[in-house]
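Letter by letter, the chains look like this.
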There are 2 protein chains.
Amino acid sequence: MSANFEVSNSIYNFSLSETDGDASQIDLLGGKGANLAEMSKLGINVPPGFTITTEVCNYFMKNKALPDNLEDQIGKAVKKLENLTGRIFNGSENLLLLSVRSGGRISMPGMMDSILNIGLNDFNVGILAKEFNDERFALDSYRRLIQMYSNVVLGLEHERFEAVIKNKKRMDGVISDAEFNIEQLKWIINAYKNIIERFSKVPFPQDPNEQLLGAIKAVFNSWLNKRAISYRKINNIPDTWGTGATVQTMVYGNLNDFSGTGVAFTRNPSNGNKELYGEYLMNAQGEDVVAGIRTPLPISKTELNKGKSLEELFPESYKQIKEISSKLENHFKEVQDIEFTIQNKEVFLLQTRKAKRTAQASVKIAVDMVEENIVSKNQALIMVDANSITDLLHPQFEDEQNKTIFAKALNASPGAAVGEIVFDAYTAEKEANKGRKVILVREETSPEDINGMYSSIGILTTKGGMTSHAAVVARGMGKPCIVGAENLIINYENKTISNGTTTLNHGDLISLDGSLGEVYLGELKTQPPIPSDEFNQIMKWSDEVRRLNVRANAETVNDTKKALEFNAEGIGLCRTEHMFFEGERIIPMREMIMAENVQGRKRALAKLINFQIKDFENLFEILEDKPITIRLLDPPMHEFLPKSDVEITSLANAIGILPSYINEILLKLSESNPMLGHRGVRLGLTYPEIYKMQVEAICHAIFNISKKKNTITSPEIMIPLIMNAKELQKMKTILIETIQNLEKELEFNFTYSIGTMIELPSAALNSVEIAKHVDFFSFGTNDLTQTTLGLSRDDASKFLNDYVENGVFNIDPFVSIDIESVGKLVDLSSKNGKESNPKLKVGVCGEHAGEANSIIFLNSLNIDYISCSPFRIPTARLASAQAEILNQNS
Amino acid sequence: MSANFEVSNSIYNFSLSETDGDASQIDLLGGKGANLAEMSKLGINVPPGFTITTEVCNYFMKNKALPDNLEDQIGKAVKKLENLTGRIFNGSENLLLLSVRSGGRISMPGMMDSILNIGLNDFNVGILAKEFNDERFALDSYRRLIQMYSNVVLGLEHERFEAVIKNKKRMDGVISDAEFNIEQLKWIINAYKNIIERFSKVPFPQDPNEQLLGAIKAVFNSWLNKRAISYRKINNIPDTWGTGATVQTMVYGNLNDFSGTGVAFTRNPSNGNKELYGEYLMNAQGEDVVAGIRTPLPISKTELNKGKSLEELFPESYKQIKEISSKLENHFKEVQDIEFTIQNKEVFLLQTRKAKRTAQASVKIAVDMVEENIVSKNQALIMVDANSITDLLHPQFEDEQNKTIFAKALNASPGAAVGEIVFDAYTAEKEANKGRKVILVREETSPEDINGMYSSIGILTTKGGMTSHAAVVARGMGKPCIVGAENLIINYENKTISNGTTTLNHGDLISLDGSLGEVYLGELKTQPPIPSDEFNQIMKWSDEVRRLNVRANAETVNDTKKALEFNAEGIGLCRTEHMFFEGERIIPMREMIMAENVQGRKRALAKLINFQIKDFENLFEILEDKPITIRLLDPPMHEFLPKSDVEITSLANAIGILPSYINEILLKLSESNPMLGHRGVRLGLTYPEIYKMQVEAICHAIFNISKKKNTITSPEIMIPLIMNAKELQKMKTILIETIQNLEKELEFNFTYSIGTMIELPSAALNSVEIAKHVDFFSFGTNDLTQTTLGLSRDDASKFLNDYVENGVFNIDPFVSIDIESVGKLVDLSSKNGKESNPKLKVGVCGEHAGEANSIIFLNSLNIDYISCSPFRIPTARLASAQAEILNQNS
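Residues numbered from 1 in each chain as written. Chains lettered and ligands numbered in written order. Predicted model: local features only at pLDDT ≥ 70, side-chain atom pairs only at ≥ 80, totals over all residues. Heavy atoms only, no water.

Draft legend 1. Quick look at the sheet that holds strand E5 (residues 98-103) of chain B. Residues and elements named next belong to chain B. Taken in spatial order, the five strands make up an open sheet running E1-E2-E7-E5-E6, and their pairing is antiparallel. A single partner strand is all that each edge strand has here, and the edge strands are strand E1 (11-14) and strand E6 (114-118). Looking at each pair of strands side by side, their axes are set apart by 20° on average, direction ignored. In this sheet, strand E7 (residues 244-249) lies alongside E5 in antiparallel orientation, the contact comprising six bridges. Counted as the bridge partner of leucine 98 is threonine 249 from E7. Docked against the sheet, helix H1 (residues 26-41) engages E1, strand E2 (49-52), E5 and E7, running at close to 125° with respect to E5. Packing of helix H3 (residues 70-85) onto the sheet brings it into contact with E1, E2, E5 and E7, and relative to E2 it is tilted by some 160°. (Pairing = 2+ DSSP bridges. Helix = DSSP H or I, 4+ residues; strand = E, 2+ residues; numbered from the N terminus. Axes fitted to C-alpha atoms, helices over the stretch in contact; angles between N-to-C directions. Contact = heavy atoms within 4.5 Å.)

Given below as structure tokens:
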């Protein structure tokens, strides 16, 4: 096998004069190697070196040995470095020392970081000392080499060596590593060598070539260590990617007080300000900055650190870094995260990569870079993480503060909230009216709790999933909410909640981070949302580019107003059942459900219709001429009924029947699998009077608004949970008859369209027929995911996390659409639907319509609009723009 | 529009000398008209006539009038009849009278039956009397015409005319209609005419042509009457089919005592014996036989009716009918259901059609007809209704007895059972041990009840659906079972069950018809099943023809033996969870579920494994070299736990824990939608020790049997509820590791295959990838139906009946596969699977695999076998043979 390996293509040199690779070869050279090559080509001051390819790593994994000829090739590459630098590896003067570092396509915990100062030994350490006229520096470098080599190549524990240093400090009263004198360093080096001989049975290798090969093998071995393997499993990184190994000429940050090392972002990754943001340490090498033994100093001048910044103390070096940063940004068209070494005021770059940043920074940087003519508008849009920009819309906790986690559960609705614990909705309302900020803590919430939920600033439940009542309502309200905190136990009687170790009482303060799903003890500091000018600019640019219309899922006046603030182009999903949950309405709703016959139901519906008319009038008035898709009643009846004995008794008194009768109805309506039960159009066909009432309410609202404002609303009426075309036709006939009757009665012509949710696999598979009878499809990808995957969202929490960690799913399929199953159905169904009925309008109204990856997929299909919760609208606008840009580029 | 209608093609004549149509033109002429034409061509004695096509009916529906020229054409056709018969319509001698009858493609309630004696009026009734020298006959004929015409054409209520007859009988002391004398008939005719003038404001039409046209229009109008329309809706008959109208020369069954009318089957439709089976009435016309005013007599000689049969009294006519029957059977190759009239000993045929029959008759007739060289074996197989032959395997109630229905609910498992009511499993077992026949009556059954269920001869529950514990277990046991009798209320304390009006006590006798879902009061007579020689013959022929293999769903020794008796070719679905329900096993099973950690689970599993090994040994021993597909644990954990307080306390005592702890576990395990919850492979991945134990048990059983019998079983191990390929791979890896470890331990090489259930839309859509990693697919169409349609089988009873009646589904999708949704997925998935892995074996193991229509569909796909419950195996064998024959013919 060895014979087949083309070892001649295994080494890529880089230097200012001759560079083989570039940034595009990340697969072959790893991120680090590819970018070092690219920087060299740009003429940036990078110490020359060479990268051994990831293919060699793969060879090494298979054969447990390096390719036959590689050693020779490495020798030749080192020779080249010797020629370039005029130094000699293991020479008798002008000593060439090398570093070896790993670098895969992406950086990965568990991978070897670096071994520095390779090439030093007992004999030539003196040559180094002589050259720089600094024995302490030479010994410190040698000490570092031995320590790193022992740990990384020989596998000895880091702690053994740290213990030597610690002991020596204690013995001699030395505080900082940098203070060790020559004798002390010699003593340490000896102690190190003794440890090596004792624990690895071989002495520290004195042959520089052996050191170099050992370090290279260690890089490849680190690809196979346990932590790296499990990280790859979790993140679905193929083992076959492999890592590159980069060998580079040493420069010395530990040479003197005009030397140093540091890391920097070319812009502030937290707020996006255009400033070098990072830390440095003078007279230091490699890990010293991160190790925390000495406190690093800021690179740029700040209020807090006056007189300590690189900018002030070493303005010459600072200027070099500034120039390099600007060059890098202009070249990579992205903010960079760099590593540098200063040797005698001269700045060398050791690494550059794209910088991670907050949502806030991301937006500001994108806009700034357009203004600075570094990127185009489209490039700027792609730079922003569409999912994370919702973070900008909710209050957030400040980063820098002590946090004690009380519980971690499902992040049902984002944002930060700090408030006092209350255990029931009534108390929540009462306390809120007194001006207190409260967090409602319940096992689960129910329709009765609505007012209490409105009054609370956050909601925490110990049961339920991402579509539980609490989660759905909280998202609708834009309130932080955490659900399914199963390890918390509530004692309603004593008014306590406990996680087993800590017990909290009514009135205790907690802080909810709805974005992370974390509950903290006590009061954390928050910061309010500021939709910045840059945010608005990004939104504006997005709107110029995107193809998809973006609508909102909303049914209340508040949500609708919020949606329009975010520039929603209409309502794509108005869930009428939410209108029946509120205080006054729930009573006739329940009367309706408990009626013994159609007459009883009609009596109760006659009470409900006025609420419903008013609701629609309010929405139509706000929306003006924007479209609205109204979904007729969807959930099963039992969702509207009370569950606890207290609530049942109270309801019985309210409508004058026996509690036992309510219990009988509850039993009769209870279902084994409500998700697959008597709901949606199935209710509409069993009790046509309900849908008739709803359609009449819609018509009356149109009529009333037309008289008042002289505008005519043309609603899109949507039938939920359709299985096939016949079911749809039956329901549609009833609706149209109802409207026609009202047209006669009111002497008015309504304009409207009728469509259906596609939320069952069966409907998707029957799209050709269904499309013939409707004006629009709206994909309800929440339910479609549940049925297609046979996965109950409320029950999946028991194993879904494991499934994502184990790679059964790349992402939670309720968060991002499962393209191979649900995605296939949406694709097939929208295609078939539009072929069958070219006028068919197609949208998606599941929560996936507010998630960036899903939107990129959905944009590739033949659909017209997406509809999501108000707070996800900015994400939807940006992500559909990104999808369109990616589409144009591809 | 009238101008475009080709009226020249609207009339089809039939007579012994000239016939336009034939039996194939059923769409155009209706069943009656087409078969009259066919019989005429065969030379059978049919009174000549003509049929007006269904196209005219459609014209009439659109235009509310007959086509312009039709009247002329009818006149010409009547003229032809006059020429043929030498009689004159409205003539002054040799009077031609006509009948008009409706006839669509299928016979339909609500359609007009017939109007006889058309052409008579006040003036020519005397001519008829003179010709036959019988004034009474002529007046009786006229009286009948007026009565039928008034009802059918003029729309007057039948009761008004019956009242006249009744009054006259009472006034004059007359008993039978046939006894009215001339004066009395004249009085009746006058009374009839008065009624007509009073209620329809026009006199009875004296013009024979007006009578004829009125009758024809009445036929077409009857296509549009309410009852016919709603029947068409229910049965999905398109309105566009229309009905034909047949006009035919009258022959007179009421002419004299050598005349009569009757209906007959060419073979006994109840048991299939080769004998004319029917009734006749002498001196009677039309409806007299059915009307029940006089008791009709048997056609063939029987023990009970000696001296009254047509065979004895009118052997000449009997012989003519015999000869015609034989001719018809030979021609149509089917048993016929005929209508005839005898006029002066001469037999005329008025109708023939395929006869309905019982399953028993159907089987016997099919085999007999092959022996008589009337049909081929393949034709014989097609003649038998595959679904109904299971009726032959269960005890049945005799038809002729008084039945008082106590309740009607879901027919969960077929068969008849008579026994004493017991209200708990323990008592059932106790009483059964005393030799009593008991029926277990429970709200629901649970695993504890298994022994009691075994001891009972039938099971009745007031809750649960077709997949409830009771239903599944009972079908497995082949015991009659009715579930979900929601209107029954059980009082366990008093040991009573009531339907609101009748209350039954412990020990009272009831009779269950599991095929109909009916519970009767008291003891009904049953007949035992007799798998006749003919039944065995049909099965044998089926096996010669069919392509699909047929296996059984079975896991107990009893079921497996039963399956092999029915010639199952192996087990296609062994549901291992059923093995954990029985008495001894349920305790460690529950211990396992309630264990706090993996160690606790392993301890409990160590107890279970021995039961499981023994179970598999028993099955492998019976099956010998036949294949077995073993499905690993599928249901959610909570299905194994007790529900009631009593059971919980008893379990707590049994395993020494607190009831409160069990309740905690129950709460923790409870799911919103268990169907979509933590079950199947999801459990297997969360608790791999469970599936490992099962696979180890399989291996140990193979090993043990190989030592004992020197045969090696190669089981098919099946992973349930797979969503995608990655999930499958993860589970498969664990299983294979387990087997490999055992191979080392036992020094034995196992041969086995690993496959998966395809029971989620997601799996079907991911078949290309999944197939790469498995040896077989088995479609679980029960769950696939639930998820594809979003329809919980346990909850659907609330609306599914309506859905079938309203035509949303043609058949209950849990009974017959929904081809447009589930069928599409099975098709797609099996195609993709076999393309991706050509060695892939594909089967279907849902209940559809035992239903004839579904099997016809499944046979058209690229699948290898079907697997159904033992008692459905004959259906599966026959239906797959039929599918193959239909396939060859098409």
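Draft legend 2. Structural detail: the relation of the copies chain B and chain A. For the pair chain B and chain A, the relating rotation is 180°, the translation along its axis is 0.1 Å, and the fit reaches an RMSD of 0.3 Å. Considering both components of the superposition, the chain copies are consistent with a two-fold axis. Taking the C-alpha atom as reference, chain B places asparagine 673 of chain B closest to the rotation axis, 2.1 Å from it. Most of the interface of chain B is mirrored in chain A: 100% of its interface residues are interface residues there too. (Least-squares fit on C-alpha atoms with pLDDT ≥ 70 in both.)

Draft legend 3. Local environment of the interface of chain B and chain A. In this complex, chain B contributes 48 residues to the contact, which on the side of chain A involves 48 residues. Taken together, both faces of the contact between chain B and chain A bury some 4,100 Å²; the carbon and sulfur share is 55%. Of all residues in chain B, Leu676, Leu765 and Lys798 of chain B bury the most surface against chain A, accounting for 15% of the area lost on that side. Across the contact surface, chain B and chain A share two salt bridges. (Buried area = accessible area lost by both parts, 1.4 Å probe. Salt bridge = Lys/Arg side-chain N within 4 Å of Asp/Glu carboxyl O.)

Draft legend 4. Structural detail: the nonpolar core. Ranked by size, the top nonpolar core spans 307 residues in total, and within it Ile538 and Ile866 of chain A together with Ile538 and Ile866 of chain B carry the most contacts. One finds Val7, Met61, Leu120 and Met250 of chain B within the second-largest nonpolar core, a separate group that totals 69 residues. (Core = buried A, V, L, I, M, F, W, Y, C linked by side-chain atoms within 4.5 Å. Buried < 20%, exposed > 50% of the residue type's maximum accessible area, 1.4 Å probe, protein only.)

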